[in-house]
Structures are given as structure tokens and as C-alpha cells.
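This is what each chain is made of:
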Amino acid sequence: ELLSKVNKLDSDFDIFNIRWDDVRNKLKKDEIAVEFAHITRTDTKEKAYLALILTSASDAPECVMISIDNTIEKLYRDNDINTLYNSSRVGDVIWSEIIDVAQKRCSDIKTIYFVPDGVLHSMSIEYMISSGNRMSDKYNMRRLSSSRDIVKGGNHKASSKSAVLFGGIDYNTTVEDMEYYSYTLTQERSADQ
């Protein structure tokens, strides 16, 4: 029994042995992977973002430096929500060069897997406009916690058109009350449709 548990633990650590070429080999011809990294430049000590881009045809990950003069944090801090998501000002800074580089290897991009870092975690960069198009309208955008998720598989490829939203949660509610409210809300929603 102990040996079976040790073998399972050993296989759980296999995710740490995933290399960039393992990710590349899992990508389809119309998919790209973009992993963002928030760094401090050694030459200027400025904060910057890198995007590592990988396609199924890549010989190695390609690196794009993003937003050296106007950092993404400054754009995020200085722009209201409408500017962030309804103009291409911020979206172009984040996405335009990435798409240009990726299209050299993958001319018909359909799916973009991306791993945000830094302030990009706080932004819905998949809904920003770049080159006149909202990213989520033009591509299947898949936010991941790590590019390893592409190799591990899982449900990141699944697409859903429904959502469950929760708000004003009462943490003292009993399980029975939650079941009752859940049933009531389901019935109300079906009656409204």
C-alpha cells in the first residue's frame, strides 16, 4: 500500500518536469501559448513585461518585450474601465506585437492560451481590443494558471455559455436553506425564460 502511494506521489511531481517543447508538442497548428512574465530589467532597473510565445511550429519560445516606455501598470492606473475595454489603447500595447510575432509561425490563429502575471491578473486582457478587434471575438481565449496546463489536459478547452453568479453571501446559511434557495432561484429563472 505504501509503495502505491509513493508511486502516485511520484507521478504527481511529473508536472514539474514539463518543458517548453512538451507544451509545443501539445499545441495544434491553429493554437498559440503566451506566458507573461513581470520582470525588472537588469540594465535599466525598470519594471517591464515579457511575453513568451509558443506555437506548434516554434523552434524555441519567442520573447517579446512589452510596454517599456508606458508600463502596463501606468496604463491600468491612469485609465478608466471604458478606456481599458472599449478602446484599443491598452489592448494594442499588450497584444499587437504578440499577435504579429505569432502570425509569422501560425498564420491562422484560432485559440490563444495565455498565462497572465503581475497586474495582468487584475485585468481581463482577453476582452481588450487590439487592432480593431476584441480579442475574445476574434480568438478562443483560454486563461491558464500555467502553460503546464496545456500538457496536463483538463477542462481548459471546454467552452460554456452559462454561468453561476453569487453575491451577498450569508456564510451562516444552513445547507437546507441553500438547497431551498437554489431550487427557488432555478424555478424563477425557468419561469422567466
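See above for the structure.
**Student:** Would you mind going over the overall build of the chain with me for this structure?
**Tutor:** On a plain count of helices and strands, the chain comes out with 8 helices and 7 strands. Expressed as a percentage of the 193 residues in the chain, the buried residues total 31%. For the chain, restricting intrachain contacts to residue pairs at least 6 apart in sequence, the fraction spanning at least 24 positions comes to 64%. By element, 49% of the accessible surface of the chain is carried by carbon and sulfur atoms, the whole surface being about 12,800 Å².

**Student:** Would you take a moment to explain the pattern of salt bridges for this structure?
**Tutor:** Pairing is possible between side chains of opposite charge, provided their charged atoms come close. A complete count under the given rule lists 6 salt bridges for this structure. For Asp43, the salt bridge is made with Arg41, and the minimal N-O distance between the two is 2.5 Å. For Asp108, the salt bridge identified is with Lys110, shortest N-O distance 3.1 Å. Owing to a relative accessible area of 44%, Asp108 belongs among the partly exposed residues under this scheme.

**Student:** Mind showing me how you'd approach the nonpolar core here?
**Tutor:** General note: in soluble globular proteins, nonpolar side chains tend to be found buried as a group. One finds Val34, Phe36, Ile94, Trp95, Ile112, Met123 and Ile125 to be the most contacted residues of the largest nonpolar core, which totals 30 residues. Of all elements in the fold, only β1 (31-40), β2 (47-55), β3 (62-66), α4 (81-86), α5 (88-105) and β4 (111-115) reach the threshold of two or more residues within this core. Tallying contributions element by element places α5 first for this core, with 7 residues. For Ile125, the contacting residues outside a window of four places in its chain are Phe36, Ile94, Trp95, Phe114, Leu120, Met135 and Arg143. Core analysis: the next-biggest nonpolar cluster, separate from the first, contains 9 residues, Val23, Leu27, Ala33 and Leu54 among them.

**Student:** Please clarify how the side chain of Glu126 should be interpreted in this entry.
**Tutor:** Structurally, the position occupied by Glu126 is in the loop between β4 and β5 (129-130). For Glu126, the side chain forms a polar contact with the side chain of Arg143, separated by 2.7 Å.

**Student:** What exactly am I supposed to notice about the environment of Ser87 here?
**Tutor:** Counting through the fold element by element, Ser87 comes out in the loop between α4 and α5. Once the C-alpha coordinates of Ser87 and Arg134 are considered, the two residues, 47 residues apart in sequence, prove to be 9.4 Å apart. Residues in contact with Ser87, not counting those within four places in the same chain, are Asn82 and Ile129. Within polar-contact distance, the side chain of Ser87 engages the backbone nitrogen of Arg89 at 3.3 Å.

**Student:** It is not clear to me how the sheet that holds β1 should be interpreted in this structure. Could you clarify?
**Tutor:** Strand pairing in a sheet takes place through backbone hydrogen bonds and is either antiparallel or parallel in direction. In space, the 5 strands of this open sheet follow the order β3-β2-β1-β4-β7, with mixed pairing throughout. Across the chains shown, the open sheet's two edge strands, defined by having one partner strand only, are β3 and β7 (140-143). Neighbour to neighbour, the strand axes of the sheet diverge by 25 degrees on average, direction disregarded. Where β1 meets β2, 9 bridges bridge the pair, whose relative direction is antiparallel. By the bridge assignment for β2, Phe36 is matched with Ala51.

**Student:** Where do I start with the pairing of β1 in this structure?
**Tutor:** Moving residue by residue along a regular strand, the side chains alternate between the two faces of the sheet. Where β1 meets β4, 5 bridges bridge the pair, whose relative direction is parallel. Note that in β4 the partner of Ala33 across the bridge is Tyr113. The antiparallel pairing of β1 with β2 creates a hairpin that spans 6 residues between the two strands, and Lys45 there sits at a positive phi of about 65 degrees.

**Student:** Which parts of the structure should I look at to understand the packing of aromatic side chains?
**Tutor:** Any pair of aromatic rings gets described here by the distance separating the centres and the angle formed by the planes. The final tally for this structure, using the stated rule, is 2 aromatic pairs. Seen from their ring centres, Phe36 and Trp95 are 5.7 Å apart, and the 80 degrees between their planes marks the pair as edge-to-face. Here Phe36 is found in strand β1, whereas its partner Trp95 is found in helix α5, with 59 residues between them in sequence. Here the two residues Phe36 and Trp95 agree in accessibility, since each one is buried. Feature note: the residues Phe36, Trp95 and Phe114 constitute an aromatic cluster, connected by ring pairs.

**Student:** I tried to follow the side chain of Arg41 on my own but got confused; where do I start?
**Tutor:** You can see Arg41 is positioned in the loop between β1 and β2. Using a relative accessible area of 17% as the deciding quantity, one classes Arg41 as buried.

Criteria and thresholds
- Residues numbered from 1 in each chain as written.
- Predicted model: local features only at pLDDT ≥ 70, side-chain atom pairs only at ≥ 80, totals over all residues.
- Heavy atoms only, no water.
- Helix = DSSP H or I, 4+ residues; strand = E, 2+ residues; numbered from the N terminus.
- Buried < 20%, exposed > 50% of the residue type's maximum accessible area, 1.4 Å probe, protein only.
- Contact = heavy atoms within 4.5 Å.
- Areas by Shrake-Rupley, 256 points an atom, 1.4 Å probe, with all protein chains shown as cover.
- Salt bridge = Lys/Arg side-chain N within 4 Å of Asp/Glu carboxyl O.
- Core = buried A, V, L, I, M, F, W, Y, C linked by side-chain atoms within 4.5 Å.
- Polar contact = N/O pair within 3.5 Å; in protein donor to acceptor, adjacent residues only side chain to side chain.
- Pairing = 2+ DSSP bridges.
- Axes fitted to C-alpha atoms, helices over the stretch in contact; angles between N-to-C directions.
- Phe/Tyr/Trp six-rings, centres within 6.5 Å; stacked < 30°, edge-to-face > 60°.

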